[in-house]
Structure formats: C-alpha cells, structure tokens
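Fold and contact review
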Amino acid sequence: MTRLTAVTRGLITVFAALLAATASTATAQAKTEPKAPKDFVALRSVDPTIIQEMRYVTPHNFVGERVDGYLQPTCILTRPAAQALHKAQRKLLRQGYSLKVYDCYRPQRAVDHFVRWAEDLDDEAMKGEFYPNVDKTRLFADGYIAEKSGHSRGSTLDITLVRLPAKPTRPYDPEEPLVPCFAPKGERFPDNSIDMGTGFDCFDTLSHTLDPRVQGQQRANRLLLKNTLEGLGFVNLPEEWWHYTYKPEPYPDTYFDFPVSRKSLTGAH
C-alpha cells in the first residue's frame, strides 16, 4: 500500500509538472508580441533632429489616459515616409523651423481603444479641451473616430512646426482646467508649436486645413507645413491640418498591430 501510494504521488507530481510546463509555454506564447516588418524604422534613427511629442503615451489626449499599444514615446514609420520627412526637415531647418510629430504608426489595438472610448457616452472627461462643440454621439458619423486608421499602415503621421530655438513644452497636469482647443493660442495648453489656429486633435471644423475662418499668420503657418510636405510626397487629410500620409504607401491595405516600442523593431522579420 505504501509503495502504491508513493507511485501514485510520483505520477501526480509528474502530471502537475507537465501541466505547469504547458501553462508556462502557453503564457509565454500569449505574451509574444508581433514584430514590425523590416522596412519599419524608428524616426530617430533616420533624423534625430525632428522633435517628438508622442501624445498617446501620455494622458494629454482626447481619451485622457495612455492609449493601448503605446509602450514607449517613439515615432515608428515605414522607411520611405521617414526618409521623406528627413528631407522636409532639412528644408525647414534652413528657414528656422523644426518638424514635431505627435503620432506616427498606430497599432490596431490603439484604434480599438479609441472606438471603445467613443462608444462610452458617459466618459466626457476631456470634452472641454478636445471636442467642446461636438456631441459625443456624433464622433463616428462626423468622421472623428473610425474602426480603421491609416496610421496603422505605417506611413501616416500627425505633425506640426516649432520655431527654433525650440522651447520645451511644459508637462501636462491632469488636474488643470481644460481650455478649448480652438481658444487663442495664449489661452489653450502651451504647446511649443507655432500657431496653427487650433491645438492638435481638435475635433472641430476649424481644424480643416483650409477653413476660410483661419487667416493671417495661422493660415500661413498651415500652408508652410502643407506646401513643404506635399512637395515631398505627403498628402494632407483636408479635415485635419496635422494629418499627412506618404504616398505611395508600402502597405496600402495592411493594418498592423505590433506595439509602439523599440523592441518591436528588434529582430524584425
């Protein structure tokens, strides 16, 4: 009886070990993240002078928290887009400006996060800054939120201009009062970019690149960005002065989901 008990206990121990090993393997496989294709690069490796203020890694965005899939504040793009941006930067530096990116490649899981947020009509924590005049029920119908984004294809970016020498943008305080994104530049969040008439990600028709209400220096600033980038293969989204896509896109029909992280570019296949 004692020998049988020992054998039984031994079998149970072996079985438990096998279960643990299987679970461990399954966990490891579950944590394996997709990698970027080999022709995706960190923008900093192509042009380290372009300023990066990756908003979705921070709570200073329309969702009000770090967005899913943004693990590090790094701009990732397809190599052709990054190289074209480098050429634009060289032109602008000679004129006393620098490019600044707010967002570049965006994983599909981040887009899914935006969709969940848009469907939660009770969450209007950031309305006062990013969509003061837009009813949240209209975000899909008016095109502010969609289930797919060109950013996930790797050649789309959100971008602005900074006058040199660049002053740092002060840290965002989640407790500070929200000011409408279309308020005068001196009143809204003190971004170090030049005045484009609205802040980044402003859900309002004033964000349309050629909105006739935006005139003077604000319009000139938008046109400087637009003319510079369009001369190098980028196409502007007319509804957003900050939104540009490099054409032709290397991946016009593929929506990637690897995380925004330098590790996604390590050992890429």
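The rules behind these values
Residues numbered from 1 in each chain as written. Predicted model: local features only at pLDDT ≥ 70, side-chain atom pairs only at ≥ 80, totals over all residues. Heavy atoms only, no water. UniProt positions renumbered as here; feature names shortened; annotations may be inferred. Helix = DSSP H or I, 4+ residues; strand = E, 2+ residues; numbered from the N terminus. Buried < 20%, exposed > 50% of the residue type's maximum accessible area, 1.4 Å probe, protein only. Contact = heavy atoms within 4.5 Å. Core = buried A, V, L, I, M, F, W, Y, C linked by side-chain atoms within 4.5 Å. Pairing = 2+ DSSP bridges. Disulfide = S-S within 2.5 Å.

- Under an unreviewed UniProt entry, the name given to the protein chain is D-alanyl-D-alanine dipeptidase, and the organism recorded is Streptomyces koelreuteriae.
- In its Function (unreviewed entry) section, the UniProt record describing the protein chain reads: "Catalyzes hydrolysis of the D-alanyl-D-alanine dipeptide."
- Quoted straight from UniProt, the Catalytic activity (unreviewed entry) entry for the protein chain says "D-alanyl-D-alanine + H2O = 2 D-alanine".

1. What to know about the UniProt feature "binding site: Zn(2+)" (unreviewed entry) in the protein chain
- Cross-referencing UniProt, the feature "binding site: Zn(2+)" (unreviewed entry) maps to His 151, Asp 158 and His 243 in the present numbering. Spatially, the listed residues are clustered: although they cover 93 residues, their C-alpha atoms lie within 9.5 Å of one another.
- Following the sequence through the fold, Asp 158 ends up in strand 5 (residues 156–163).
- Within the fold, His 243 resides in strand 7 (residues 243–246).
- His 243 sits in the buried class, given a relative accessible area of 14%.
- In this structure His 243 touches His 151, Thr 156, Leu 157, Asp 158, Val 235, Asn 236 and Leu 237, once residues within four positions along its chain are discounted.

2. Regarding the nonpolar core
- Among the nonpolar cores identified, the biggest contains 61 residues, and Leu 85 and Val 101 are the most heavily contacted of them.
- The leading source of residues in this core is helix 3 (residues 79–93), at six residues.
- Leaving out residues up to four positions away in the same chain, Val 101 has contacts with Leu 43, Ile 50, Ile 51, Gln 52, Glu 53, Met 54, Cys 75, Leu 85, Leu 157, Asp 158 and Ile 159.

3. Considering the pairing of strand 7
- Burial of strand 7 is two-sided: the residues His 243 and Thr 245 facing one way and the residues Tyr 244 and Tyr 246 facing the other way are all buried.
- Relative to strand 7, strand 5 is paired through three bridges, and the arrangement is antiparallel. Paired with Thr 156 across the strands is Thr 245, a residue of strand 7.
- Connecting the antiparallel pair strand 6 (residues 234–236) and strand 7 is a turn made up of six residues.

4. Here we look at the state of the cysteines
- On inspection of all chains with the given rule, the structure shows two disulfides.
- Between the sulfur atoms of Cys 75 and its disulfide mate Cys 104 the distance is 2.0 Å. The S-S bond linking Cys 75 to Cys 104 shows a torsion near -100°; that makes this disulfide left-handed. Placement of Cys 75 in the loop between strand 2 (51–52) and strand 3 (76–78) and of Cys 104 in the loop between strand 4 (97–103) and helix 4 (108–119) is noted, with a sequence separation of 29 residues between them.
- With a relative accessible area of 0%, Cys 75 lands in the buried category.
- Sequence-ordered numbering of the bonded cysteines in the protein chain gives a disulfide pattern of 1-2, 3-4.

5. Some details on unusual backbone geometry
- Here the residue pair Leu 164 and Pro 165 is connected by a cis peptide bond, since its omega of 0° sits within 30 degrees of zero.
- With respect to the helices and strands, the residue Pro 165 is situated in the loop between strand 5 and helix 6 (216–230).
- Of the consecutive residues Lys 247 and Pro 248, the connecting peptide bond is found in the cis state with omega at -5°.
- Mapping Pro 248 onto the fold places it in the segment after strand 7.

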